[in-house]
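Structure at a glance
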Amino acid sequence: MPKKWRGWPWLKRGATAAFFLLIATLLVSQARNIEWSQVLTALEDYPLTAAWGAVVLAAASFTLYSTFDLLGRHYTRHALRSPTVMAVTFVSYAFNLNLGSLVGGVAFRYRLYSRLGLRNGAITRIMSLSMLTNWMGYLLLAGLVFALQPPTLPPDWPMTTTSLRLIGAVLLVVVAAYLGICALSRQRMLRLRGHEVLLPSARLAALQLLMGAGNWLIMSGIIFILLQHRIEFSAVVSVLLLAAIAGVITHVPAGLGVLEAVFVALLSHEMPQYELLAALVAYRVIYYLVPLAVAVVAYLAMEAHAKKLGQARKNP
């Protein structure tokens, strides 16, 4: 097995630090130039028709994402009912969006599934398949958008449209490789860091790609509606995808400020900054805060139910 280049960790840290610095610079520079009173005024005058359309799409997105763990149910053959699985996925996704993947995507899944009787091995496989569905869908959509219709980047960004097209092509190769491995590999059981991983079938892998990409498209549709169709849908999709990976790299909970900085930097030439920010504030309320409030109530109810089941087992 070839040895890792010793300078790779430092190169990785340097690239991450440079990207973080870029985002921080965007945040500061854009915040200074924004008339926040105009943002509040734009929110007060926001049309309810656009808001309700976004609410419908947000409900569709959370419903679709909540089915991701049903793939894990099929994959692990556990006996939990579909509504229970979808409830766990909804709660973990809402907390994931607002508090980060370690809290929402990992901690809440482990706690809720373990209290429902699943073992850690099954939970790990369910969680891994769900995250893979989300990010393989991201790679498929990002590959198509970046390769075929990339956004116009500011001249001071460390990459060009041509490099973005190349990145898109690489992402599509990764997706094709994943499908090829799932379809053609004779060895279905792999060992990764001491864990046995069963490769999904080609059909399941294709379904992962469609579901994951579909959810990213719906999320883009929410912002597109909130922007009142004033920016091309393809531009909204590409900028959301860039903002999402920027949020992951910078490790900012909920991508707070990162999403806004990327959107303002790339799209403020198409509509006033204060209107753009008003739409993004509405997006955060509809897609982040409202589902979080529902998830808190659902989580407390699930904990209370689990406690009653535990007491019933102790006192039959």
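All values derive from a computational prediction rather than experimental measurement. (Residues numbered from 1 in each chain as written. Predicted model: local features only at pLDDT ≥ 70, side-chain atom pairs only at ≥ 80, totals over all residues. Heavy atoms only, no water.)

1. Section: the packing of aromatic side chains
Filter applied, for reference: Any Phe, Tyr or Trp ring, taking Trp's six-membered ring, that has another such ring centre within 6.5 Å forms a pair; planes under 30 degrees apart are called stacked, those over 60 apart edge-to-face, and the others tilted. Note on geometry: a ring has a charge over it if NZ (lysine) or CZ (arginine) is within 6 Å of the ring centre and within 35 degrees of the ring normal.
Overall, the coordinates contain 16 aromatic pairs when judged by the stated rule. Considering the side-chain rings of Tyr65 and Phe68, the 4.4 Å spacing of their centres and the 35° angle between planes classify their relative orientation as tilted. Positioned above the aromatic ring of Tyr288 is the side chain of Arg284, whose terminal nitrogen or guanidinium carbon lies 5.0 Å from the ring centre.

2. Let's talk about the pattern of salt bridges
What counts is decided by this rule: By definition here, a salt bridge exists when the distance from a side-chain nitrogen of Lys or Arg to a carboxyl oxygen of Asp or Glu is within 4 Å. Only DSSP runs of H or I reaching four residues or more are called helices, and only runs of E reaching two or more are called strands; each is numbered from the N terminus. Relative accessible area decides the class of each residue, using a 1.4 Å probe on protein chains only: under 20% of the type maximum gives buried, over 50% gives exposed, and in between gives partly exposed.
For the structure shown, the criterion picks out 5 salt bridges. The salt bridge involving Glu303 is made with Arg115; its shortest N-O contact spans 2.2 Å. A residue pair is termed long-range when its members are at least 10 positions apart, and Glu303 in helix H12 (residues 273-314) and Arg115 in helix H6 (residues 102-115) qualify at 188 residues. Measuring nitrogen to oxygen at the nearest pair gives 2.4 Å for the salt bridge that ties Glu275 to Arg230. Here Glu275 is found in helix H12, whereas its partner Arg230 is found in the loop between helix H9 (202-226) and helix H10 (233-250), with 45 residues between them in sequence. In this structure Arg230 comes out as partly exposed when scored by relative accessible area, which is 42%.

3. A closer look at the nonpolar core
Where we set the bar: Throughout this description, the term nonpolar core refers to a set of buried Ala, Val, Leu, Ile, Met, Phe, Trp, Tyr and Cys residues connected via side-chain atoms within 4.5 Å.
By size, the foremost hydrophobic cluster in this structure holds 83 residues, and its most contacted members are Phe263, Tyr283 and Tyr287. Here the element with the most residues in this core is H12; it accounts for 13 residues.

4. Side note on the confidence of the model for the protein chain
Just so we agree on the cut-off: Every residue gets a pLDDT, meaning the predictor's confidence in that residue, from 0 to 100. Only heavy atoms matter for contacts: two residues are in contact if any of them lie within 4.5 Å across the pair.
Per-residue confidence for the protein chain gives a mean pLDDT of 81; residues scoring 70 or more make up 77%. No element of the protein chain has a lower mean pLDDT than helix H1 (residues 8-32), at 51, and none a higher one than H9, at 96. Taken together, the stretch residues 26-36 has pLDDT below 50 and engages in 16 contacts with residues farther than four places along the chain or on a different chain.

5. What to know about the packing of helix H5 (residues 82-99) against H6
Our working rule: Comment: axis = line fitted to C-alpha atoms, over the contacting stretch for helices; angle = value between 0 and 180 degrees taken between N-to-C directions. When describing relative orientation, an angle under 35 degrees is termed roughly parallel and one over 145 degrees roughly antiparallel, while 65 to 115 degrees is termed roughly perpendicular and anything else oblique. Working rule for handedness: look at the near helix, and if it is turned counterclockwise from the far one by less than a right angle, call the crossing left-handed; if clockwise, right-handed. Amino acid classes used here: Ala, Val, Leu, Ile, Met, Phe, Trp, Tyr, Cys and Pro are nonpolar; Asp, Glu, Lys and Arg are charged; the rest, including Gly, are polar.
Two elements in contact, H5 and H6, have axes whose closest approach is 7 Å; the angle formed by their N-to-C orientations is 150°. Comparing their axes, H6 and H5 come out roughly antiparallel. Once H5 is placed against H6, the crossing between them reads as right-handed. In contact with Val85, Val88, Thr89, Val91, Ser92, Phe95, Asn96 and Leu99 of H5, H6 contributes Val103, Gly104, Gly105, Phe108, Arg109, Leu112 and Tyr113. Among the residues making up the contact of H5 with H6, the classes are represented as 9 nonpolar, 5 polar and 1 charged.

6. Considerations on the packing of helix H7 (residues 120-148) against helix H8 (residues 161-184)
Running from N to C, H7 and H8 point in directions that differ by 140°, and their axes come no closer than 7 Å. By the angle between their directions, the pair H7 and H8 is classed as oblique. The two elements H7 and H8 meet at a crossing, and its hand is left-handed. Two secondary-structure elements touch here, H7 through Leu132, Met136, Leu139, Leu140, Ala142, Gly143, Leu144, Phe146, Ala147 and Leu148 and H8 through Leu164, Arg165, Gly168, Ala169, Leu171, Leu172, Val174, Val175 and Tyr178. Class assignment of the residues belonging to the contact of H7 with H8 gives a composition of 16 nonpolar, 2 polar and 1 charged.

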